[in-house]
Amino acid sequence: VTAPGLLSVVGIGPGGRAHRTHAADEALGAANVVIGYGPYLDQCADALAAGQRVVRGEMGDEAGRAARAVDEARAGARVALVSSGDAGVYGMATLALEAAAALPEGDRPRIEVVPGVTAALAAAALLGSPLGHDFACLTLSDVRTPWADVERRLHALAAADVALALYNPRSRGRPWQLGRARDILAGHRPGGTPVGVVTDAGRAGQRVTLTTLAELDPALAGMTSLVLVGASTSRMAGPWLVAAR
Ligand SMILES: C[S@@+](CC[C@H](N)C(=O)[O-])C[C@H]1O[C@@H](n2cnc3c(N)ncnc32)[C@H](O)[C@@H]1O
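(A) Molecular detail of the overall build of the protein chain. Looking only at helices and strands, the protein chain has seven helices and 13 strands in total. Over its C-alpha atoms the protein chain spans a radius of gyration of 19 Å, differing by no more than 12% from the 18 Å that the globule rule assigns to 245 residues. Taken over the C-alpha atoms alone, the protein chain extends approximately 60 × 35 × 35 Å along its principal axes. Buried residues in the protein chain amount to 47% of all 245 residues. Nonlocal contacts in the protein chain, meaning residues at least 24 apart in sequence, comprise 70% of its contacts between residues at least 6 apart. Accessible surface, the protein chain as shown: approximately 11,400 Å² in total, 53% of it carbon and sulfur. One finds the centroid of the 23 positive side-chain charges in the protein chain at a distance of 2 Å from the centroid of its 23 negative side-chain charges.

Right, dumping it as structure tokens:
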């Protein structure tokens, strides 16, 4: 027997309501309980409804939020678990699905994953169409992935000549990884390879910088930046960075 609650893991896009899907708005508005990291709840405050129970979480407690969301849905609530961008791209969906999968089948709530605009797409759109041909996403965070694995993937992807969307390029606790990634990529790609650094895409304070691999200054990036690295298909078309098709 399936429990009556519903857990919607909702990708709210990178910024404001303009980049949020109707499906996300509907899931947020229909929930009895909305759970998320505080700043992301603020980001979608306009989609929340009166009378909802809103649970603000802390950075670093993603697993706790996912477990709580599953518990609330098991108890019969309609729950929206908020994730920035797309919930399935370095987002909350895996944690929620794993928490549910750990339960006996009959105890699992119904779950849906509501897709969102991921940061790579929002950042790419601000630069032109740098992901118009093959591309790959990679996180430079070594919090959950050993750095040796990140480096191995960087070498492989750099050699594969695909454009790269680098998530989690830099934070206070991870200050050197982007410089190291740049040096690895420079071993495979020309120094003139275009690189875009987009910070806070779709949010207040949005910043877009176009530079090259040789000149990439890691200090340009922060916790809310996305770094796009071109491939041999990348070129400028007027002011726009595009990938030839
Ligand atoms: C834990 S990941 C979450 C990704 C998110 N699930 C998505 O699909 O965009 C956090 C990283 O996403 C990127 N990011 C998220 N929102 C962004 C935005 N508005 N502008 C630029 N980068 C963003 C940054 O690289 C940041 O370090």
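(B) Main features of the site of the ligand. For the ligand, the set of nearby residues contains 19 residues, the closest of which are Asp-86, Val-89, Thr-118, Met-223 and Ser-225. Ala-119 places a polar main-chain atom, nitrogen or oxygen, 2.9 Å from an oxygen atom of the ligand. Asn-168 is positioned with one of its backbone polar atoms (N or O) 2.9 Å from an oxygen atom of the ligand. When the free accessible area of the ligand is taken as 570 Å², the share hidden by the protein chains comes to 91%. Its residues assigned to classes, the shell around the ligand comprises 10 nonpolar, six polar and three charged.

(C) Here's a closer look at the packing of helix α3 (residues 62-74) against helix α4 (residues 93-101). It is at 9 Å that the axes of α3 and α4 come closest, and there the two elements cross at 50 degrees. What the angle tells us is that α3 and α4 run oblique. Classified by chirality, the crossing of α4 by α3 is right-handed. Note on element contacts: α4 touches α3 through Leu-95, Ala-96, Ala-99 and Ala-100, opposite Glu-62, Ala-63, Ala-66 and Val-70. Broken down by class, the residue content of the contact of α3 with α4 amounts to seven nonpolar, no polar and one charged.

(D) Quick look at the packing of aromatic side chains. Inspection of the entire model under this criterion finds three aromatic pairs. Relative to Tyr-40, the ring of Tyr-37 has its centre 5.1 Å away and its plane inclined at 80 degrees; by these criteria the two rings are edge-to-face. When its relative accessible area of 18% is taken as the criterion, Tyr-37 is described as buried. With a centroid separation of 5.1 Å and an interplanar angle of 75 degrees, the aromatic rings of Trp-147 and Trp-176 are classed as edge-to-face. In this pair, Trp-147 is assigned in helix α6 (residues 147-159) and Trp-176 in the loop between β8 (163-167) and α7 (177-186), connecting sequence segments 29 residues apart.

(E) Examining the pattern of salt bridges more closely. Counting across every chain of the model gives 14 salt bridges. Across the salt bridge formed by Glu-62 and Arg-144, the nearest N and O atoms sit 4.0 Å from each other. Linking Glu-62 in helix α3 with Arg-144 in the loop between β7 (135-139) and α6, this pair joins segments that are 82 residues apart in sequence. Given the relative accessible area of 18%, Glu-62 is considered buried. Judged by its relative accessible area of 70%, Arg-144 falls in the exposed class. Here Asp-200 ties to Arg-203 by a salt bridge, and the two come within 3.2 Å at their closest N and O atoms. Overall, Asp-200 belongs to the buried group, its relative accessible area being 16%. Sharing partners across several salt bridges, the network here consists of Arg-17, Arg-20, Asp-25 and Asp-46.

Parameters at a glance
Residues numbered from 1 in each chain as written. Predicted model: local features only at pLDDT ≥ 70, side-chain atom pairs only at ≥ 80, totals over all residues. Heavy atoms only, no water. Helix = DSSP H or I, 4+ residues; strand = E, 2+ residues; numbered from the N terminus. Rg over C-alpha atoms; globule rule 2.2 N^0.38 Å. Buried < 20%, exposed > 50% of the residue type's maximum accessible area, 1.4 Å probe, protein only. Contact = heavy atoms within 4.5 Å. Areas by Shrake-Rupley, 256 points an atom, 1.4 Å probe, with all protein chains shown as cover. Lys, Arg positive; Asp, Glu negative; His and termini not counted. Charge placed at Lys NZ, Arg CZ, Asp CG, Glu CD. Near = heavy atom within 4 Å. Polar contact = N/O pair within 3.5 Å; in protein donor to acceptor, adjacent residues only side chain to side chain. Nonpolar A, V, L, I, M, F, W, Y, C, P; charged D, E, K, R; others polar. Axes fitted to C-alpha atoms, helices over the stretch in contact; angles between N-to-C directions. Parallel < 35°, antiparallel > 145°, perpendicular 65-115°, else oblique. Left-handed = near helix turned anticlockwise from the far one by under 90°. Phe/Tyr/Trp six-rings, centres within 6.5 Å; stacked < 30°, edge-to-face > 60°. Salt bridge = Lys/Arg side-chain N within 4 Å of Asp/Glu carboxyl O.

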